[in-house]
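Now for the letters of each chain:
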Amino acid sequence: MAAITSSSFGHYSHAIVRGIPASLPAAALRIENQGEVNLENARREHAIYVETLKKLGLHVHELAADEQFPDCVFVEDAAVVVGGTALITRPGAPSRRKEVWKQDHSAVRDRHIGC
């Protein structure tokens, strides 16, 4: 397996992540027959993911989990920032559409993120 380096991913400088809510196992969207989500394992894996981003040299902006939106951990589904422009999406799942408007866009605006 090839080593992962910051140059493997282009010239990204920032990452926005959101914590995993306790509501994820019971209410998150998932493909049929995927089984149950183990909250403890998900949070441990998420911590490794965040630490890996930091080791790659990215400035990681961590937003709090939002119990109202079980899938909120997947912030890349709601917004992508490139060259100082935030692209706000319209998720296909109706349950995720309000999540986009609830997203803390100040993470981009106030922290001057230019990914």
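Since the structure is predicted, the reported quantities are computational estimates derived from the model, not experimental observations.

Trainee: Got a sec to walk through the overall build of the protein chain? Specific residues and values, please.
Mentor: From N to C terminus, the protein chain includes 4 helices and 4 strands. In sequence order, the secondary structure elements of the protein chain are arranged as β-α-α-β-β-β-α-α. Per-residue burial for the protein chain yields a buried fraction of 33% across its 115 residues. Restricting the contact set of the protein chain to residue pairs at least 6 apart, pairs at least 24 apart contribute 70%. Carbon together with sulfur atoms contributes 56% to the accessible area of the protein chain, which is approximately 7700 Å² in total.

Trainee: A description of the environment of proline 25 should follow, citing residues and the corresponding values.
Mentor: Position of proline 25 among the secondary structure elements: in helix α1 (residues 24-27). Take proline 25: its relative accessible area is 16%, and that puts it in the buried class. Residues proline 25 and aspartate 71, 46 residues apart in the sequence, show an inter-C-alpha distance of 9.7 Å.

Trainee: Explain the pattern of salt bridges to me, and be specific about the residues and the numbers.
Mentor: Applying the stated criterion to the full structure yields 2 salt bridges. A salt bridge links glutamate 40 to arginine 44; its shortest N-O distance comes to 3.6 Å. Of this pair, glutamate 40 and arginine 44 are both found in helix α2 (residues 39-55), 4 residues apart, which corresponds to roughly one turn of the helix. Exposure remark for glutamate 40: the relative accessible area of 58% places this residue in the exposed category. Overall, the relative accessible area of 43% leaves arginine 44 in the partly exposed class. One salt bridge in this structure joins glutamate 62 and lysine 54, with 3.3 Å as the shortest N-O distance.

Trainee: I'd like a description of the confidence of the model for the protein chain, backed by residues and values.
Mentor: The predicted model of the protein chain has a mean per-residue pLDDT of 75, with 63% of residues at 70 or higher. Between the elements of the protein chain, mean pLDDT differs from a low of 54, seen in helix α4 (residues 106-109), to a high of 95, seen in α2.

Trainee: Which residues make up the nonpolar core, and what values go with them?
Mentor: With 7 residues, the main nonpolar core is built from Ala15, Val17, Val50, Leu53, Leu56, Leu58 and Val60. Of all elements in the fold, only β1 (14-18) and α2 reach the threshold of two or more residues within this core. Ignoring any residue separated from it by four or fewer positions in sequence, one finds leucine 58 in contact with Tyr12, Ser13, His14, Ala15 and Leu53.

Trainee: Tell me about a nonpolar patch on the surface, and please be specific about residues and values.
Mentor: Residues Val80, Val82 and Leu87 make up a contiguous nonpolar surface patch of about 240 Å² in total accessible area. By the secondary structure assignment, valine 82 is in strand β3 (residues 79-82). Residue classification places valine 82 among the partly exposed residues on the basis of a relative accessible area of 48%.

Conventions adopted
Residues numbered from 1 in each chain as written. Predicted model: local features only at pLDDT ≥ 70, side-chain atom pairs only at ≥ 80, totals over all residues. Heavy atoms only, no water. Helix = DSSP H or I, 4+ residues; strand = E, 2+ residues; numbered from the N terminus. Buried < 20%, exposed > 50% of the residue type's maximum accessible area, 1.4 Å probe, protein only. Contact = heavy atoms within 4.5 Å. Areas by Shrake-Rupley, 256 points an atom, 1.4 Å probe, with all protein chains shown as cover. Salt bridge = Lys/Arg side-chain N within 4 Å of Asp/Glu carboxyl O. pLDDT = per-residue confidence, 0-100. Core = buried A, V, L, I, M, F, W, Y, C linked by side-chain atoms within 4.5 Å. Patch = residues over 30% accessible without salt bridge, like charges linked within 9 Å, V, L, I, M, F, W, Y side chains within 5 Å.

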